[in-house]
Amino acid sequence: MRKKIVAGNWKMNKNYAEGIELAKEVSNLVGNKTFHCEIILGTPFIHLAEAVKVVNSQKISVAAQNCANKPSGAYTGEVSAEMIKSTGASHVIIGHSERRAYYAETYQTLKEKVDLALQNNLIPIFCIGEKLSERETSIHFDIVKAQIQESLFHLSEENFGRIVLAYEPVWAIGTGVTATPDQAQEMHFFIRNVISDKYGKGIADVTTILYGGSCNPSNAKELFSNPDVDGGLIGGASLKADDFLKIVDAF
Ligand code: PEP
């Protein structure tokens, strides 16, 4: 059985007090209930250490949204994987399309980030996904395959087995347009086959592949009911504790 996960990505939202309040709210709503998925909060760096303290760590993990591609040193403004790990966070989102687009992250820098995350015992949530123009010109499968190959296929079987993937079609992120359940399943199935061709069916079958892109309480259940969709990476809807919990509860 592969892990099911619902992870929030708060992006650059919430000041310090608001973020800690949101983390507490989510943790209170989770309470002692049992859900059929792991719950992760992807917070800005400033919230990590305190968020780890205020949530029930038996039920909720905390993720950073990025890490540096260098281990340490004179890189003003950067935050290393080791620093993230020292906050108590357990995961790090790497390769989000906003970072690829606005911060010119390349296959190579993402590969370095993945390596540093793994070396520091952080689980990478590695994002992949095509732009609208790429889907319209039917190169979306090639694009997604290249994103996986170029930044992840240097990994050993053991290390690849530690990665969580998130398929996030760029045209669906923050747009209110969601991939249809069929589109999501088709791509997730393709991704699993790409992994299987390289690492074998055993690894492919246990790799968690999340869907991201305008996932909300009303479409989550249908998206998550696909056999190859193992949960979601949730942007906008993770900023409201109630909505986020409804998505968690969709499993
Ligand atoms: C995201 O940023 O990872 C995301 C999926 O955003 P949204 O849910 O707002 O589309």
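In this report, the structure presented in the accompanying data block is examined. Treat the numbers as computed from the prediction; the structure is a model and nothing was measured.

Taken as a whole and judged by the stated rule, the model has 13 salt bridges. For Arg 2, the salt bridge goes to Asp 228, with nearest N and O atoms at 3.7 Å. With Arg 2 in the segment before strand S1 (5–9) and Asp 228 in the loop between helix H11 (220–224) and strand S8 (231–234), this pair connects stretches of sequence that are 226 residues apart. Like Asp 228, Arg 2 is buried. The partner of Asp 230 in a salt bridge is Arg 2, and the shortest N-O contact between them spans 2.7 Å. On the criterion of sequence distance, the pair formed by Asp 230 in the loop between H11 and S8 and Arg 2 in the segment before S1 is long-range, its members being 228 residues apart. Per residue, the accessibility class of Asp 230 equals that of Arg 2, and both read buried. What you see here is one network of salt bridges that share partners, running through Arg 2, Lys 4, Arg 192, Asp 228 and Asp 230.

Reading guide: rules and limits
Residues numbered from 1 in each chain as written. Predicted model: local features only at pLDDT ≥ 70, side-chain atom pairs only at ≥ 80, totals over all residues. Heavy atoms only, no water. Salt bridge = Lys/Arg side-chain N within 4 Å of Asp/Glu carboxyl O. Helix = DSSP H or I, 4+ residues; strand = E, 2+ residues; numbered from the N terminus. Buried < 20%, exposed > 50% of the residue type's maximum accessible area, 1.4 Å probe, protein only.

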